[in-house]
Amino acid sequence: MRCPYCGNDDSQVKDSRPTEDGTAIRRRRVCIACGGRFTTFERVQLRELTVIKRSGRRVPFDRDKLMRSVQIALRKRPVESERVERMVNGIVRQLESMGESEIEAGLIGRLVMEGLKTLDDVAYVRFASVYRDFREAKDFESLLGELNADTE
């Protein structure tokens, strides 16, 4: 594993343990060259996924990018990181178990919106405003109307 500090390819594993939800192995590593300590995570990957963007461009699926977009929507919201991790793991498992190696970006967006709806209404609205490309205040009004109808 390449050291994030000095770029050396040689590191030593000091500690390994499963994550709380058991979907990954957390490894504490030490760089042989500079002595820097860092953590890596090892996850099962059932298949290589490719995302088909709206433009038609194909890019490799990036779990970290998915996690970052969810964390941006949840910024400064009172949601435990374990719940976020479980949601993202669930989305990735759903995508991998579909049996398709190519997945449309819109499907991923819809799955994220469903997950955020159960986690936090504000994060749901934030994500939806970007995902649905809101242009005017009435776009927010209609989404809030949908959200209120669903909770009643």
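Preceding this paragraph is the structure being described.
Parameters and conventions
Residues numbered from 1 in each chain as written. Predicted model: local features only at pLDDT ≥ 70, side-chain atom pairs only at ≥ 80, totals over all residues. Heavy atoms only, no water. Helix = DSSP H or I, 4+ residues; strand = E, 2+ residues; numbered from the N terminus. Contact = heavy atoms within 4.5 Å. Polar contact = N/O pair within 3.5 Å; in protein donor to acceptor, adjacent residues only side chain to side chain. Axes fitted to C-alpha atoms, helices over the stretch in contact; angles between N-to-C directions. Parallel < 35°, antiparallel > 145°, perpendicular 65-115°, else oblique. Left-handed = near helix turned anticlockwise from the far one by under 90°. Pairing = 2+ DSSP bridges. Salt bridge = Lys/Arg side-chain N within 4 Å of Asp/Glu carboxyl O. Buried < 20%, exposed > 50% of the residue type's maximum accessible area, 1.4 Å probe, protein only.

What follows deals with the environment of Y5. Assignment of secondary structure puts Y5 in the segment before strand 1 (11-18). C-alpha of Y5 to C-alpha of G36: the two residues are 31 residues apart in sequence and 6.8 Å apart in space. Sequence-distant contacts of Y5, defined by excluding residues within four places in its chain, comprise C34, G36, R37 and F38. Within the structure, Y5 has its side chain in polar contact with the backbone oxygen of R37 (distance 3.0 Å).

A word on the packing of helix 1 (residues 63-73) against helix 2 (residues 81-97). Where helix 1 meets helix 2, the axes come as close as 11 Å, and the angle between the chain directions of the two elements is 135 degrees. Classified by the angle their axes make, helix 1 and helix 2 are oblique. Helix-helix and strand crossings are classified by hand; for helix 1 and helix 2 the assignment is right-handed. On the side of helix 1, the interface is formed by R63, L66, M67 and V70, while helix 2 contributes V84, E85, M87, V88, N89, I91 and V92.

So, about the sheet that holds strand 6 (residues 102-104). Strands sit in the order 5-4-6 across an open sheet of 3 strands; the sheet is mixed. The open sheet is flanked by strand 5 (58-60) and strand 6, the only strands paired with a single partner. For this sheet, the mean angle separating the axes of adjacent strands, direction not counted, is 35 degrees. Here strand 4 (residues 50-52) pairs with strand 6 via 3 bridges, running parallel.

Looking along a regular strand, one sees side chains alternate from face to face of the sheet. The sheet contact formed by strand 1 and strand 2 (residues 24-31) spans 7 bridges and is antiparallel. Counted as the bridge partner of R17 is R26 from strand 2. Strand direction decides the pairing type here: strand 2 and strand 3 (residues 37-43), joined by 7 bridges, are antiparallel. Looking at strand 3, one finds that V30 is bridged to R37. The turn joining strand 2 and strand 3, which pair antiparallel and follow one another in sequence, is formed by 5 residues; a positive phi near 80 degrees is taken by G35.

Bringing the sheet that holds strand 1 into the picture now. Strands sit in the order 1-2-3 across an open sheet of 3 strands; the sheet is antiparallel. The open sheet terminates on both sides in strands that have one partner only, identified here as strand 1 and strand 3. Strand-to-strand twist of the sheet, defined as the mean angle between neighbouring strand axes without regard to direction, takes the value 25 degrees.

Moving on, we get to the pattern of salt bridges. In the structure shown here, the tally under the stated rule is 7 salt bridges. In this structure, the salt-bridge partner of D15 is R17, at a minimum N-O distance of 2.6 Å. Residue class for D15 comes out partly exposed when judged on its relative accessible area of 26%. Residue R17 is classed as partly exposed on the basis of its relative accessible area, which comes to 44%. Taking the shortest distance from any N to any O, the salt bridge between R77 and D120 comes out at 2.9 Å. Here R77, found in the loop between helix 1 and helix 2, pairs with D120, found in the loop between helix 3 (105-119) and helix 4 (121-131); they are 43 residues apart in sequence, far enough to count as distant. The partly exposed category is assigned to R77, whose relative accessible area is 29%.

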